[in-house]
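Descriptive analysis of the structure
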Amino acid sequence: MSRVGVVAREYWFELLIAAMGIACMLELVVWRDYPGAPTTPMWFSLAAIALLVLPLFARRRFPFAAPASYWILAAALTFVDAFLVTFPDSLTVVGIATAFLLGNLRDRRLALIGLAIVTGSIVTVVYNIPGPQPASWLIFIPLRFIAAWVAGYALRERSEQAEAAEARADQAERDREAAARIAVAEERSRIARELHDIVAHAVSVMVLQVGAVRHKLPEALAEDRDALKGVERAGRTALSEMRRLLAAMRPDGDEAELGPQPGLDGLDSLLDDVGRAGLPVELHVEGAPFVLPRGLELSAYRIVQEGLTNALKHARASDADVTLRYRPDAVEIEVRDNGDGTVASDGLGHGLVGVRERVKIYGGEMSASPAPEGGFVLTTRLPIVDRVP
């Protein structure tokens, strides 16, 4: 939209009033000698029209007082010269616009007061027209302005409903984003606890091995024994601090996980459990299996676990396939089901958040989408940087 169009949309009322005010003054000048024209001096007529419409330009600052003042001034002018208001046809458009604005006020109480002002003023204007007038004028002439007020009131109701719906949608979006951030934080905390458990186990083994080597060294190597003792002491200190960190990361009420962290050697047990829950799963292994770093192997297990959980709980699948592909520099995981192909997420649970976070840790890749032939496919690729020989 052009800048002129934007300005016209933003200041449509001011532009309308300016145009109608100028048109009204031209009517008074051109049709001055016609029957029904105002009898007051020209200077007074033009000044009265200016006084009538100028306050309307302040309607943004005074949304009630500006249009209300138009109707009050219009009724007052009819006591000086009724034709000042009734003769110019342009003022009819201005009156309809101001009645619409009064109905469109956000404050319901002020809108109703505006209706009373419009009704009382237009009845006064019609009543003050000189000469015998049909009684129907007191009904049908005010009706057009009352209809304009009703249109403004109805549009206000619709705008409020749209704004309320938009506010609810914004709040729901904020709630979803907050839930997603909480889910990410919880999943990262869980991953960190698992990885710290693996690291703590590795450090424990190293400390024990250093201690065993230190005790076997002869007295002639006392200096080496002291160096190993320092290494052992540093390792035990690290283990102690790591336990405190794990305790701080564990939510209140959660017990420490005493069992070993699962790995790919536990997939058979996982698939059996899922099968007993109602989802038969077939495992496919491509390439020659080799030992993976412990943290990466745990993440691979959790990815399979999450993919099958989604298929079981959300996809309404009747069977699934898990494929492990051992590459020289990566391990690829694919979980495929024949469900309805929807992404599993209730906005509050973890869903695929855990998978995404685990893949991100190792700089891998992930995709989760409906399959062209039906069902849902979760694929991940975890690069192997420190492959265990």
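Above this text is the structure in question.
Described below are features of the structure shown in this document. (Residues numbered from 1 in each chain as written. Predicted model: local features only at pLDDT ≥ 70, side-chain atom pairs only at ≥ 80, totals over all residues. Heavy atoms only, no water.)

**What about the sheet that holds strand β4 (residues 365-370)?**
- Sheet architecture is open: five strands sit in the order β1-β2-β3-β5-β4, paired in mixed fashion. At either end of the open sheet lies a strand with only one pairing partner, and these are β1 (281-286) and β4. Across this sheet, the average inter-strand angle for adjacent strands is 10°, counted without regard to direction.
- Summarising the sheet, strand β2 (residues 320-326) and strand β3 (residues 330-337) pair through seven bridges and their orientation is antiparallel. By the bridge assignment, Arg 325 is partnered in β3 with Glu 332.
- Strands β1 and β2 of the sheet are contacted by helix α10 (residues 267-276), whose axis makes an angle of about 155° with β1.
- Against the sheet, helix α11 (residues 294-313) makes contact with β1, β2, β3 and β5 (376-383), and its axis sits at roughly 10° relative to β3, the strand it touches most. (Pairing = 2+ DSSP bridges. Helix = DSSP H or I, 4+ residues; strand = E, 2+ residues; numbered from the N terminus. Axes fitted to C-alpha atoms, helices over the stretch in contact; angles between N-to-C directions. Contact = heavy atoms within 4.5 Å.)

**A word on the pairing of β4**
- By the bridge criterion, six bridges tie β4 to β5 in an arrangement that is antiparallel. Bridged to Met 366 within β5 is Thr 380.

**Regarding the environment of Arg 156**
- Turning to its location among the elements, Arg 156 is positioned in helix α8 (residues 137-216).
- Relative accessible area serves as the criterion here: at 3%, Arg 156 is assigned to the buried category.
- With 52 residues separating them in the primary sequence, Arg 156 and Asn 104 have C-alpha atoms 5.1 Å apart.
- Contact partners of Arg 156, with chain neighbours within four places excluded, come to Gly 103, Asn 104, Leu 105, Arg 106 and Arg 108. (Buried < 20%, exposed > 50% of the residue type's maximum accessible area, 1.4 Å probe, protein only.)

**A look at the pattern of salt bridges**
- Overall, the coordinates contain eight salt bridges when judged by the stated rule.
- Residue Arg 325 pairs with Glu 286 through a salt bridge whose shortest N-O separation is 3.1 Å. Of this pair, Arg 325 sits in strand β2 while Glu 286 sits in strand β1, placing them 39 residues apart in sequence.
- Assessed through its relative accessible area of 35%, Glu 286 is described here as partly exposed.
- When salt bridges with common partners are traced through the structure, they connect Glu 286, Arg 325, Glu 334 and Arg 336 into a single cluster. (Salt bridge = Lys/Arg side-chain N within 4 Å of Asp/Glu carboxyl O.)

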